[in-house]
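Close look at the chain arrangement
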Amino acid sequence: GTILPAQVIISPNANQSKVYGTQDPVFTFTNNAGLNEGDFTGTLSRVSGNNVGTYNYTLGNLSAGANYTLALSTGAAIPTFAITAKSITITPDANQSKVYGDADPIFTYTASEALLSGNTYSGALGRVTGNNVATYAYTLGTLSAGNNYILNLAGTNTFAITKASLQVKAGLK
């Protein structure tokens, strides 16, 4: 008789993830044959992709030797690997203002870190509505770096609308 390799079911552990732009971790798993971590060579893998989302696992180059055939779990709650959005803090620059009656400038800001290569900002910062002389809090407005980022507004800087200078000319009679 022929001796067939024993089938081992590989179950990736739940809740494995990384933040967008970072390296994948080494994927952890359990097995139904009671094999120890040291009985395996290679690693689990996942479906390729770098954007925020969930990705199915693959066996990759994981092996337990010629005496075992590996298969991924097909159980009811098969975990997936998650890539989560990278958080960037946006701080509006200080001392931005306009004179009453003028149009708002494009608001400038500093980001806590650079976007990854190939990513760009779109839209612009906004501010609380109002046209009278006062200070106004900033808002994220339409500013976006795409679905791979979460933008957080920070800082206490405000936008100022200042008084317009009024020139009065005396008329001579």
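Here we summarise the structure given alongside this text. (Residues numbered from 1 in each chain as written. Predicted model: local features only at pLDDT ≥ 70, side-chain atom pairs only at ≥ 80, totals over all residues. Heavy atoms only, no water.)

A word on the overall build of the protein
Spelled out, the test is: The secondary structure listing takes helices from DSSP runs of H or I that are at least 4 residues long and strands from runs of E that are at least 2 residues long, numbered from the N terminus. Note that the radius of gyration is over C-alpha atoms, with the globule rule given as 2.2 Å times the number of residues to the power 0.38. The rule is simple: take the accessible area with a 1.4 Å probe, protein chains only, and divide by the maximum for that residue type; under 20% is buried, over 50% is exposed, in between is partly exposed.
When helices and strands are tallied, the protein shows zero helices and 15 strands. By the compact-globule yardstick of 16 Å for 173 residues, the protein is too spread out, its C-alpha radius of gyration being 29 Å. Its C-alpha atoms give the protein principal-axis dimensions of roughly 125 × 30 × 20 Å. Looking at the 173 residues of the protein, the share that counts as buried comes to 25%.

Points about a nonpolar patch on the surface
Using the following cut-off: In this scheme, patches are assembled from residues that exceed 30% relative accessible area and form no salt bridge. Like charges are connected within 9 Å, while nonpolar side chains (Val, Leu, Ile, Met, Phe, Trp, Tyr) are connected within 5 Å. The method behind every accessible area is Shrake-Rupley, applied with a 1.4 Å probe, and residues are considered shielded solely by the protein chains displayed. The rule for a salt bridge is simple: a side-chain nitrogen of Lys or Arg has to be within 4 Å of a carboxyl oxygen of Asp or Glu.
Judged by side-chain polarity, Val99, Tyr100 and Val133 come together as a nonpolar surface patch covering roughly 240 Å² of accessible area. Residue classification places Val133 among the partly exposed positions, given a relative accessible area of 42%.

Structural notes on the nonpolar core
If you look at soluble globular proteins, the nonpolar side chains tend to sit buried side by side. For clarity, the cut-off: We define the nonpolar core as a collection of buried residues of types Ala, Val, Leu, Ile, Met, Phe, Trp, Tyr and Cys that are connected through side-chain atoms lying within 4.5 Å of one another. By the convention used here, residues are in contact when the closest approach between their heavy atoms is within 4.5 Å.
Counting 27 residues, the largest nonpolar core has Ile10, Phe40 and Leu70 as its most contacted members. When residues of this core are traced back to their parent elements, those giving at least two are β1 (6-12), β8 (81-84), β9 (86-92), β13 (134-139), β14 (149-153) and β15 (158-162). Sequence-distant contacts of Phe40, defined by excluding residues within four places in its chain, comprise Ile10, Phe29, Asn31, Leu35, Leu62, Ser63, Ala64 and Leu70.

Side note on the pattern of salt bridges
With the rule as written, the count across this model stands at five salt bridges. The shortest N-O distance in the salt bridge between Asp24 and Lys18 comes to 3.0 Å. Assessed through its relative accessible area of 30%, Asp24 is described here as partly exposed. Of the charged contacts, one joins Arg127 and Asp104 as a salt bridge, the two residues approaching to 2.7 Å between their closest N and O atoms.

A look at the pairing of β8
Just so we agree on the cut-off: Only when DSSP finds a minimum of two bridges between them are two strands counted as paired.
Alternating residues of β8 divide into Phe81 and Ile83, all buried, and Ala82 and Thr84, none buried. Bridge count between strand β2 (residues 17-19) and β8: three bridges; the pairing is parallel. Note on β8: the bridge partner recorded for Ser17 is Ala82. The sheet contact formed by strand β5 (residues 53-55) and β8 spans three bridges and is antiparallel. Within β8, the residue paired with Thr54 across the bridge is Ala82.

What about the pairing of β13?
Direction of pairing for strand β12 (residues 126-127) relative to β13: antiparallel, over a ladder of two bridges. Bridging from a neighbouring strand, Arg127 pairs with Tyr138 of β13. Joining the antiparallel neighbours β12 and β13 is a turn of six residues, in which Gly130 adopts a positive phi near 160°.

Brief notes about the sheet that holds strand β7 (residues 68-72)
So the rule is basically this: The axes used here are C-alpha line fits, helices contributing only the stretch in contact, and every angle between their N-to-C directions lies in the interval 0 to 180 degrees.
Here three strands make up an open sheet; going across it, the order is β3-β1-β7 and the pairing mixed. Either end of the sheet is taken by a strand with one partner, and the two such strands are β3 (29-31) and β7. Ignoring which end each strand starts from, the neighbouring axes of this sheet average 30° apart. The pairing of β1 with β3 spans three bridges and is classified as antiparallel. When the sheet's bridge partners are listed, Ile10 is paired in β3 with Asn31.

Brief notes about the packing of aromatic side chains
Which entries qualify depends on this criterion: Here a pair means two rings of Phe, Tyr or Trp (six-membered ring of Trp) with centres within 6.5 Å. Their orientation is stacked below 30 degrees between planes, edge-to-face above 60, and tilted elsewhere.
Enumeration according to the criterion identifies nine aromatic pairs in this entry. Taking the centre distance of 5.3 Å and the plane angle of 75° together, the rings of Tyr20 and Tyr149 count as edge-to-face. One end of the pair, Tyr20, is in the loop between β2 and β3; the other, Tyr149, is in strand β14, and 129 residues separate them in sequence. When sorted by exposure, Tyr20 lands in the same class as Tyr149, which is buried.

Details of the layout of surface pockets
As a reminder, the rule being used: Think of a 1 Å grid over the protein atoms and nothing else: a 1.4 Å probe that fits but is trapped marks a cavity, an open set flanked by protein within 12 Å on at least five of seven lines marks a pocket, and residues with an atom within 4 Å of a point count as lining. Grid points are joined across faces, edges and corners, and a volume is the space filled by probe spheres set on the points. Residue classes follow a fixed rule: Ala, Val, Leu, Ile, Met, Phe, Trp, Tyr, Cys and Pro count as nonpolar, while Asp, Glu, Lys and Arg count as charged, and any other residue, Gly among them, counts as polar.
In this structure, the largest pocket spans a volume of roughly 240 Å³. Taken together, the residues of the lining of the largest pocket break down into seven nonpolar, six polar and one charged.

Spatial relationships are all this shows, so hold off on functional conclusions.
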